[in-house]
Amino acid sequence: AQSVSQHNHHVILSEAASLELGCNYSYGGTVNLFWYVQYPGQHLQLLLKYFSGDPLVKGIKGFEAEFIKSKFSFNLRKPSVQWSDTAEYFCAVLNTGGFKTIFGAGTRLFVKA
Amino acid sequence: DVKVTQSSRYLVKRTGEKVFLECVQDMDHENMFWYRQDPGLGLRLIYFSYDVKMKEKGDIPEGYSVSREKKERFSLILESASTNQTSMYLCASSLSINGELFFGEGSRLTVL
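The following refers to the structure shown. The structure displayed is predicted, hence computed values, not measured ones. (Residues numbered from 1 in each chain as written. Chains lettered and ligands numbered in written order. Predicted model: local features only at pLDDT ≥ 70, side-chain atom pairs only at ≥ 80, totals over all residues. Heavy atoms only, no water.)

With that settled, consider the overall build of chain B. Within chain B, the regular secondary structure consists of 0 helices and 11 strands. The N-to-C order of helical and strand elements in chain B reads β-β-β-β-β-β-β-β-β-β-β. Rg of the C-alpha trace for chain B: 13 Å, near the compact-globule value of 13 Å for 112 residues, within the 12% margin. Its C-alpha atoms give chain B principal-axis dimensions of roughly 35 × 25 × 25 Å. Across the 112 residues in chain B, those meeting the buried criterion constitute 49%. Long-range contacts, defined here as pairs at least 24 residues apart, represent 55% of the contacts in chain B between residues at least 6 apart. Carbon and sulfur atoms make up 49% of the accessible area of chain B, which amounts to about 5,400 Å² in all. In chain B, 15 side chains carry a positive charge and 16 a negative one; their mean positions are 6 Å apart. (Helix = DSSP H or I, 4+ residues; strand = E, 2+ residues; numbered from the N terminus. Rg over C-alpha atoms; globule rule 2.2 N^0.38 Å. Buried < 20%, exposed > 50% of the residue type's maximum accessible area, 1.4 Å probe, protein only. Contact = heavy atoms within 4.5 Å. Areas by Shrake-Rupley, 256 points an atom, 1.4 Å probe, with all protein chains shown as cover. Lys, Arg positive; Asp, Glu negative; His and termini not counted. Charge placed at Lys NZ, Arg CZ, Asp CG, Glu CD.)

Next comes the structure, spelled out in structure tokens:
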């Protein structure tokens, strides 16, 4: 069955530290990949997405993610986090032509000011 | 601006009660989804619909049903609520099956 694994459930960083959140998925076919973010008290929203083309995609607020097909990975990165990046981050995968977007368990990021 | 509205932010119900959760989107999206969000489990798909009156089971449909009589409205029904259905319920819509999901703010249901 298709699944998404996020390596860290909780991450605590100081401001200006670099961030990398791991995401691996299990599916052999063509996929669309997403990172969603949920800020405290707000609804889930799209951070960035990959459908095809350049495997390095850029999203809002300075986030980027790299799709490595051979590793079935789609890790999220940010060079320098801010206190306002405190949120829960979800990796999600949708097989092309399918209907179900599968989500990882989420990673809670806390950034200390 | 894209808008997905869930009718109730917080509900408290008793075991055995019937529960309706309503979701309305104003983007003319074909596809609508109901997920539940639980700590450490992420989001799990309950049901989805890709057209009016069409519905498909997701990964955890047991104990739930849905209704889509109009394009903009997708309702989740718990026929007889149980304590293990205490959760955050998220409605989402998308323009295309392979596209971005737009979420509502969620409905936090507590079943006593």
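The helix and strand inventory of chain A stands at 0 helices and 12 strands. Listed N to C, the secondary structure of chain A is β-β-β-β-β-β-β-β-β-β-β-β in terms of helices and strands. Its C-alpha atoms give chain A a radius of gyration of 13 Å, near enough to 13 Å, the size a compact globule of 113 residues would have. Each principal axis of the C-alpha atoms in chain A carries an extent, and together these give about 40 × 25 × 20 Å. Buried positions account for 49% of the 113 residues belonging to chain A. Sequence-distant contacts, at least 24 apart, represent 55% of the contacts inside chain A between residues at least 6 apart. For chain A, the centre of its 10 positive side-chain charges and the centre of its 7 negative side-chain charges are spaced 5 Å apart.

A word on the nonpolar core. Ranked by size, the top nonpolar core spans 29 residues in total, and within it Leu33(A), Trp35(A), Leu48(A), Phe74(A), Leu76(A) and Tyr89(A) carry the most contacts. In contact with Phe74(A), other than residues within four places in its own chain, are Cys23(A), Leu33(A), Phe34(A), Trp35(A), Leu48(A), Tyr50(A), Val57(A), Ala65(A), Glu66(A) and Phe67(A). Core analysis: the second largest hydrophobic core is formed by 21 residues, Met32(B), Val66(B), Phe74(B) and Leu109(B) among them. (Core = buried A, V, L, I, M, F, W, Y, C linked by side-chain atoms within 4.5 Å.)

Next up on the list: the pairing of strand S11 (residues 107–111) of chain B. Every regular strand shows the same layout, with side chains that alternate between the two sheet faces. All names here are of chain B. Side chains Ser107, Leu109 and Val111 project from S11 onto a buried face, and the interleaved Arg108 and Thr110 project onto a face without burial. Looking at chain direction, strand S2 (residues 10–13) and S11 are connected through 4 bridges and run parallel. Within S11, the residue paired with Val12 across the bridge is Thr110. Direction of pairing for strand S9 (residues 87–94) relative to S11: antiparallel, over a ladder of 3 bridges. Along S11, the bridge assignment pairs Met88 with Arg108. (Pairing = 2+ DSSP bridges.)

Facing the 24 residues of chain A at the interface are 21 residues of chain B. When the two sides are added together, the surface that chain A and chain B hide from each other amounts to roughly 1,800 Å², 57% of it contributed by carbon and sulfur. The three residues of chain A that bury the most area against chain B are Phe99(A), Lys100(A) and Phe103(A), which together make up 30% of that side's buried surface. Inspection of the chain A/chain B interface yields 1 salt bridge. Asp59(B) serves as the salt-bridge partner of Lys100(A), at 2.9 Å between the closest nitrogen and oxygen. Put simply, chain A and chain B have 4 residue pairs in polar contact (both at pLDDT 80 or more) between them. Those elements that provide at least two residues to the side of chain A that touches chain B are strand S5 (31–38), strand S6 (45–50), strand S10 (87–95) and strand S11 (101–103) of chain A. (Buried area = accessible area lost by both parts, 1.4 Å probe. Salt bridge = Lys/Arg side-chain N within 4 Å of Asp/Glu carboxyl O. Polar contact = N/O pair within 3.5 Å; in protein donor to acceptor, adjacent residues only side chain to side chain.)

Residues and elements named next belong to chain A. Structurally, Ala113 is set in the segment after strand S12 (107–112). Separated by 103 residues in sequence, Ala113 and His10 have C-alpha atoms that sit 17 Å apart. If we ignore the near neighbours within four places in the chain, the residues touching Ala113 are Glu15 and Trp83.

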